[in-house]
Amino acid sequence: MECDILVVGAGIMGVTTAYYLKKRDPSKKILIIDKYAGPGQGNSAKSEGGYRNMFTSDTNYLLADTSLDFFLHMQEEMGYDIKMDPIGYMWLFNEDQFTSLKGAIDHMINRGIEVVVYDRSEIEKMIPALVTDFGEDEEAEILGLKNIDYGVFGKKCGSLDADALVRAYEAEFIKLGGKVQYNTEVKRIHVKPEMELGIPGEPFVWQKKVITGVDTNKGEIKAGTTVIACGVWASELLDPIGLDSFMKPKKRQLFAFKDPKIEPVMKTIGLNSEGALPLTILPIAGILLKSELTEGSIWLGCADWIPRKFELEEDPQAEEDYYTNNVYHALVMYFPNFEDVRPMNSWAGQYAINSFDETPVIYKEEGLIYVGAGSGSGIMKGDALGRIAASLYFGEEEAELYGGQKFRVADLGVHHRKIEPEKFVI
Ligand SMILES: Cc1cc2nc3c(=O)[nH]c(=O)nc-3n(C[C@H](O)[C@H](O)[C@H](O)COP(=O)(O)OP(=O)(O)OC[C@H]3O[C@@H](n4cnc5c(N)ncnc54)[C@H](O)[C@@H]3O)c2cc1C
């Protein structure tokens, strides 16, 4: 099989890249392949689907803000039901945390990001089920819990259906004449000398090398350019040919709750039109929860760090005691309604974490483009990443993001990378 561009991986990054490549040059023969039976079945569909434009780094802001505008366009004008619910993001802080972030918050507000700061008494009125002050409580002290003194609320933030989003891009790609082939697993990337001499042992060190396609479980695919958009699996293909994926896989677990006892937690006042709990980040341990309006439930996750290991797992599972013997103790102190409530469902996926700057990486080698290291925000930045990867293919220095904003392609690369520090990371 032969094509102009082969995209390996039908997650958000693969489908957006393929879509913009095909849109910009419909004459190109472009094929997406994935080892699973359909699009998004890697980590994209396992995501929480949270989105926000609330970032302190200008790069992150641009990537997310323009992507969100395009997602809204897909929902409102292109007819895709991707279930964008603008329930907002609420970051909860104690006094010290807030003081250390004050400069970054002012920067966001000055930049025009819709962010509102609430004090404790306002938060208590808005989220009545939340405990904000532990007083002299001994257990809270032992657990190291922090009082809640401030809430920083992002308005252009919320939750969407990541699976539907991936399928929407795939559908648009197919409409343009793009091809997809599932159950097709790449085993190896081909590296050949640009000028083949037919001598055993090629390519030699002195020969110019070029990537010419891949071997799969269904045979060889030759490609002018091979795009590697394999998420946490990227290093399985890149390591053997000496290229770096700049990410490590780390498990992330989600727990869903549906119980009459926690109904008060779901109800808020004055934060969004649904009166629903926004995506809320507690001031310790990266515990986050949100109301999932489509099923009337609450989803809970935890952005843990040390000592949870980096490890690639093919089918990661949620750990039962992770919630019951771990997260629960802190959660129930902030939201007592969770007492004795157990999850009705749970699942796990993996972040492809670039732990250096938590921002995606896009670079090009001869015949290959890598787009990955989505960390915890690959969905919400997906549209911009596809446009930037396509611009890299067409040899442009700047990509045009949705709405006309320009983005320097090399900023997400390796050699001339330019990313500002991000203070709001989950
Ligand atoms: C629990 C959880 C919650 C998250 N929450 C959010 C959130 O709220 N908001 C947000 O923006 N992001 C979130 N993320 C992160 C987000 O899901 C990722 O950044 C994003 O999905 C990465 O997309 P991707 O296309 O790089 O990878 P993937 O979606 O994993 O796609 C990679 C694809 O490559 C395929 N593949 C791999 N190897 C091969 C091979 N050898 N041959 C063929 N195919 C191959 C896989 O099958 C897979 O389909 C979350 C992630 C997790 C795990």
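Everything here concerns the structure above.
What counts, and at which threshold
- Residues numbered from 1 in each chain as written.
- Predicted model: local features only at pLDDT ≥ 70, side-chain atom pairs only at ≥ 80, totals over all residues.
- Heavy atoms only, no water.
- Core = buried A, V, L, I, M, F, W, Y, C linked by side-chain atoms within 4.5 Å.
- Buried < 20%, exposed > 50% of the residue type's maximum accessible area, 1.4 Å probe, protein only.
- Helix = DSSP H or I, 4+ residues; strand = E, 2+ residues; numbered from the N terminus.
- Contact = heavy atoms within 4.5 Å.
- Pairing = 2+ DSSP bridges.
- Axes fitted to C-alpha atoms, helices over the stretch in contact; angles between N-to-C directions.

J.: Kindly report on the nonpolar core, identifying the contributing residues and their values.
T.: In summary, soluble globular proteins display a tendency toward joint burial of nonpolar side chains. The biggest cluster of nonpolar side chains holds 71 residues, and the ones touching the most others in it are Met54, Phe71, Tyr89, Leu165, Tyr169 and Ile388. Sorting elements by how many residues they give to this core places helix 2 (residues 58-76) first, with eight residues. Beyond its immediate sequence surroundings of up to four residues, Met54 is in contact with Tyr89, Trp91, Met108, Ile113, Val115, Val152, Phe153, Gly154, Cys157 and Phe424. Counting 39 residues, the second largest nonpolar core, distinct from the first, contains Ile127, Leu130, Phe134 and Val341.

J.: Report on the sheet that holds strand 13 (residues 279-281), specifying residues and quantitative values.
T.: The strand order across the open sheet formed by eight strands is 5-6-4-13-14-15-12-16, and the pairing between neighbours is mixed. A strand with exactly one partner marks an edge of an open sheet, and here the two such strands are strand 5 (115-119) and strand 16 (345-353). The mean inter-strand angle of the sheet, taken between neighbouring strand axes irrespective of direction, is 20 degrees. As paired strands, strand 5 and strand 6 (residues 150-154) are joined by five bridges and run antiparallel to one another. In the strand pairing of strand 6, Tyr118 is matched with Gly151. Contacts from helix 9 (residues 320-334) reach strand 12 (248-257), strand 14 (287-292) and strand 15 (297-302), with the element oriented near 100 degrees to strand 15.

J.: How would you sum up the environment of Asp85? Please name residues and give values.
T.: Topologically, Asp85 is positioned in the loop between helix 2 and strand 4 (89-93). Residue Asp85 is classed as buried on the basis of its relative accessible area, which comes to 16%. It is 24 Å that separates the C-alpha atoms of Asp85 and Lys261, two residues lying 176 residues apart in sequence. With near-sequence residues (within four places) excluded, Asp85 lies in contact with Tyr51, Cys157, Gly158, Ser159, Glu274 and Leu293.

Bear in mind that shape data such as this cannot, by itself, settle questions of function.
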